[in-house]
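This is what each chain is made of:
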Amino acid sequence: MLFKKSIPQLLAEANESGEGTLKRTLTSFNLVALGVGAIIGAGLFSLTGIASADNAGPAVILSFIIAAVGCGFAGLCYAEFASMIPVAGSAYTYSYATMGEFMAWIIGWDLVLEYALGSATVASSWSQYFSQFLLEFGIHFPTSLLHGPWEGGIVNLPAIIIVCLLSLLLMRGTKDSSSVNNVLVIVKVSVVLIFIVLGWSFINPANHHPFIPVNPGEEAVKAGTKGFFEFFASDDFGHFGISGILRGAGVVFFAFIGFDAVSTAAQEAKNPQKGMPIGIIGSLVVCTLLYVLFSYVMTGLENYTKFAGDAKPVATAFAQTGYTFLNRFLMIAILAGYTSVILVLLLGQSRVFYSMSKDGLLPKVFSELHPKNQTPWKTNLAFMVFVSIFAGFVPVSDLGHMVSIGTLFAFSLVCIGVLILRKTDPGLDRPFRTPWVPFVPVMGIIVCVLMMASLPIVSWERLAIWMALGVIIYMAYSKKHSKIRKEYKG
């Protein structure tokens with residue numbers, strides 16, 4: 001037996017109100033801002049440089065477009081679920097309704113990779129820009145306190161501090177957190193537009209040539225001197241050429257998880273049937289356009305090879321414009337952008353664990369709400385510690401790959417869920433319907449799987465280890481405490 005939660009049961013949970021429930025305080029604008037807040041951050045300000053230097057060169061623009069197409073398919077599927085089942089938990093909740101408890105647990109556990117490690121990734125990059133900002137005032141932050149032991153330092157202290165401060169803000173309430181996020185989003189979108197407008201006239205066309213750097217392995221395959229599978233298993237795969245564009249798409253893909261974070265807040269939206277599709281699709285469209293323009297300008301200002309190992313490539317690129325008087329404003333805006341990403345991802349993580357705890361799959365402590373603020377403050381506290389450890393000690397590039405593969409896996413299952421529910425419950429009320437089914441969800445699955453396949457084998461190994469740990473926890477605890485299993489047995 002799959003032990004699925006019925007749609008009427010989920011809708012009953014969505015309509016709960018009063019003490020012990022989440023407050024509905026978010027408008028459509030707040031939801032779009034949450035999406036933009038989560039999307040524009042590390043993927044734009046940090047991983048753009050990493051993906052162009054290591055994988056795609058100037059063709060990182062194409063990597064963003066491929067990632068956006070995959071996100072577009074998945075986003076349409078998310079919008080259908082979020083409008084139909086406006087309950088906290090995102091892909092975890094949707095999987096519970098379509099594929100049963102075990103798959104719901106797997107995706108909920110996977111979302112820890114997406115949200116918790118995603119916020120740790122951004123916090124690590126935030127730290128590098130923070131140190132650069134201090135240099136503008138002649139303050140030299142000790143290098144040993146900006147990097148973890150695997151990068152030659154002791155601990156990334158600023159990353160830990162920002163995670164702790166934002167976790168404390170989330171404990172105060174969603175409305176206050178959303179208001180802060182709105183301000184941060186306005187600031188960072190403004191600087192992205194300023195970067196694009198001012199940088200455009202300083203683009204050096206030579207930096208865009210070759211647009212797709214040559215991959216020796218691909219050339220050998222074309223010449224017939226190397227087999228495809230031999231190339232696929234070699235170190236050449238993913239380093240420039242077409243394979244580099246695909247791997248670059250996989251690397252930057254996690255930067256689009258903003259609309260996913262929007263869906264975790266469904267139970268706190270004032271009008272989720274209308275607001276959730278607007279928040280999910282609206283934020284995705286806006287950010288995709290900004291990503292493509294931004295990456296085009298950035299790789300045009302500076303040669304992509306200069307971004308290798310650079311944790312602050314935007315500052316490096318902007319230095320070519322000569323607008324040095326804007327450096328401090330640029331740094332403030334980038335820090336604001338990173339801050340909003342961390343905030344939204346920490347919010348999403350706490351809501352997923354809140355839902356899992358409500359279902360009995362995790363200890364009750366994760367769903368206990370603050371008596372005044374009505375926030376899952378103990379979950380916020382737990383992840384404040386967990387995320388701080390990763391942000392303070394683990395290299396950002398390793399975290400980025402883990403987040404990407406976790407995100408792609410979640411998106412794939414949501415697309416599968418739409419196909420299943422259209423088959424099993426075709427008559428359900430769907431305020432928003434994913435168009436062109438089965439084409440859209442099938443293409444979403446294909447694009448996500450292709451990008452997963454393009455990621456380094458070590459990402460798959462880490463995913464397998466993480467999932468194995470999740471299965472052990474499920475068998476040892478969750479299966480025994482599941483509320484729906486108890487209902488079936490009763």
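Residues numbered from 1 in each chain as written. Predicted model: local features only at pLDDT ≥ 70, side-chain atom pairs only at ≥ 80, totals over all residues. Heavy atoms only, no water.

## Focus on the overall build of the protein
Along the protein, the regular secondary structure elements total 21 helices and 0 strands. The C-alpha atoms of the protein give a radius of gyration of 22 Å, which matches the 23 Å a tight globule of 490 residues would have. With the C-alpha coordinates aligned to their principal axes, the bounding extent of the protein is approximately 70 × 55 × 40 Å. Residue pairs in contact within the protein that sit at least 24 positions apart in sequence constitute 81% of those at least 6 positions apart. When the accessible surface of the protein is summed, it comes to about 18200 Å², and 68% of that surface belongs to carbon and sulfur atoms. Positive and negative charge centroids in the protein, built from 31 and 27 side chains respectively, lie 9 Å apart. (Helix = DSSP H or I, 4+ residues; strand = E, 2+ residues; numbered from the N terminus. Rg over C-alpha atoms; globule rule 2.2 N^0.38 Å. Contact = heavy atoms within 4.5 Å. Areas by Shrake-Rupley, 256 points an atom, 1.4 Å probe, with all protein chains shown as cover. Lys, Arg positive; Asp, Glu negative; His and termini not counted. Charge placed at Lys NZ, Arg CZ, Asp CG, Glu CD.)

## Considerations on the layout of surface pockets
The volume enclosed by the second largest pocket comes to roughly 230 Å³. Class assignment of the residues belonging to the lining of the second largest pocket gives a composition of 8 nonpolar, 2 polar and 2 charged. (1 Å grid on protein atoms, 1.4 Å probe; cavity = no way out; pocket = protein on both sides within 12 Å on 5 of 7 lines; lining within 4 Å. Points joined across faces, edges and corners; volume = space filled by probe spheres on them. Nonpolar A, V, L, I, M, F, W, Y, C, P; charged D, E, K, R; others polar.)

## Here's the deal with helix H17 (residues 377-393)
In this model, H17 (17 residues) spans 24 Å end to end at C-alpha, consistent with the 24 Å of a helix rising 1.5 Å per residue. The complete set of buried residues in H17 reads Thr379, Asn380, Phe383, Met384, Val387, Ser388, Ala391 and Gly392. Each buried residue of H17 sits inside an arc of 165° when the element is viewed along its axis, so together they form one side. Residues of H17 that are buried in the fold lie against helix H7 (101-135), helix H8 (157-172) and helix H16 (327-358). (Expected span 1.5 Å × (residues − 1). Buried < 20%, exposed > 50% of the residue type's maximum accessible area, 1.4 Å probe, protein only. Arc of directions from axis to C-beta.)

## Observations concerning the environment of Ser125
Position of Ser125 among the secondary structure elements: in helix H7. What makes Ser125 buried here is its relative accessible area of 2%. It is 10.0 Å that separates the C-alpha atoms of Ser125 and Asn156, two residues lying 31 residues apart in sequence.

## Things to note about a nonpolar patch on the surface
The grouping of Trp150, Val385, Ile389 and Phe393 at the surface amounts to a nonpolar patch, some 440 Å² of accessible area in total. Checked against the element boundaries, Phe393 lands in helix H17. (Patch = residues over 30% accessible without salt bridge, like charges linked within 9 Å, V, L, I, M, F, W, Y side chains within 5 Å. Salt bridge = Lys/Arg side-chain N within 4 Å of Asp/Glu carboxyl O.)

## With respect to the pattern of salt bridges
One pass over the structure, following the stated rule, counts 9 salt bridges. A salt bridge links Glu101 to Arg485; its shortest N-O distance comes to 2.7 Å. Here Glu101 is found in helix H7, whereas its partner Arg485 is found in helix H21 (residues 483-489), with 384 residues between them in sequence. A relative accessible area of 13% means that Arg485 is categorised as buried. A salt bridge links Glu368 to Lys378, with the shortest nitrogen-to-oxygen separation between them at 2.6 Å. Here Lys378 lies in helix H17 and Glu368 lies in the loop between H16 and H17, a separation of 10 residues in the sequence. Overall, the relative accessible area of 29% leaves Glu368 in the partly exposed class. Taking the relative accessible area as the measure of exposure, Lys378 reaches 29% and is therefore partly exposed. Members of the salt-bridge network, linked through shared partners, are Glu80, Arg422 and Arg430.

## Quick word on unusual backbone geometry
Residues His209 and Pro210 are joined by a peptide bond in cis, for which omega reads -5°. Summarising the element assignment, Pro210 is placed in the loop between helix H9 (174-200) and helix H10 (216-223). Look at the link from Val437 to Pro438: it is a cis peptide, with omega at 15°. With respect to the helices and strands, Pro438 occurs in the loop between helix H18 (396-424) and helix H19 (439-454). At Gln374, a position not held by glycine, the phi torsion is positive, near 55°.

## Some remarks on the packing of aromatic side chains
Scanning the model with the defined rule gives 25 aromatic pairs in all. On the basis of an interplanar angle of 40° and a centroid distance of 6.1 Å, the ring pair of Trp105 and Tyr474 is categorised as tilted. With a gap of 369 residues between them, Trp105 in helix H7 and Tyr474 in helix H20 (residues 457-481) connect regions that are remote in the sequence. As far as burial versus exposure is concerned, Trp105 and Tyr474 are alike and both buried. Taking the centre distance of 5.2 Å and the plane angle of 40° together, the rings of Trp200 and Tyr296 count as tilted. Here Trp200, found in helix H9, pairs with Tyr296, found in helix H14 (residues 272-301); they are 96 residues apart in sequence, far enough to count as distant. Assessed through its relative accessible area of 44%, Trp200 is described here as partly exposed. (Phe/Tyr/Trp six-rings, centres within 6.5 Å; stacked < 30°, edge-to-face > 60°.)

## Points about helix H2 (residues 28-39)
In this model, H2 (12 residues) spans 17 Å end to end at C-alpha, consistent with the 16 Å of a helix rising 1.5 Å per residue. Of all 12 residues making up H2, 9 are buried, and the element is well covered by its neighbours. Taken residue by residue, H2 has Asn30, Leu31, Ala33, Leu34, Gly35, Val36, Gly37, Ala38 and Ile39 as its buried positions.

## So, the environment of Val214
Examined against the element boundaries, Val214 turns out to sit in the loop between H9 and H10. When its relative accessible area of 56% is taken as the criterion, Val214 is described as exposed. Sequence separation between Val214 and Glu151 is 63 residues; the distance between their C-alpha atoms is 30 Å. Residues contacting Val214, with those up to four places away along its chain left out, are Glu219 and Phe240.

## Quick notes on the packing of H2 against H9
Where H2 meets H9, the closest approach of the two axes is 9 Å, and the angle between their N-to-C directions is 60°. As far as their axial angle goes, H9 and H2 are oblique. Note that H2 runs across H9; the crossing there is left-handed. For the pair formed by H2 and H9, the contact residues are Phe29, Asn30, Ala33, Leu34, Val36 and Gly37 on the first element and Ser178, Asn181, Asn182, Val185, Lys188 and Val189 on the second. Broken down by class, the residue content of the contact of H2 with H9 amounts to 6 nonpolar, 5 polar and 1 charged. (Axes fitted to C-alpha atoms, helices over the stretch in contact; angles between N-to-C directions. Parallel < 35°, antiparallel > 145°, perpendicular 65-115°, else oblique. Left-handed = near helix turned anticlockwise from the far one by under 90°.)

Without other data, these values stay purely geometric and don't point to any function.
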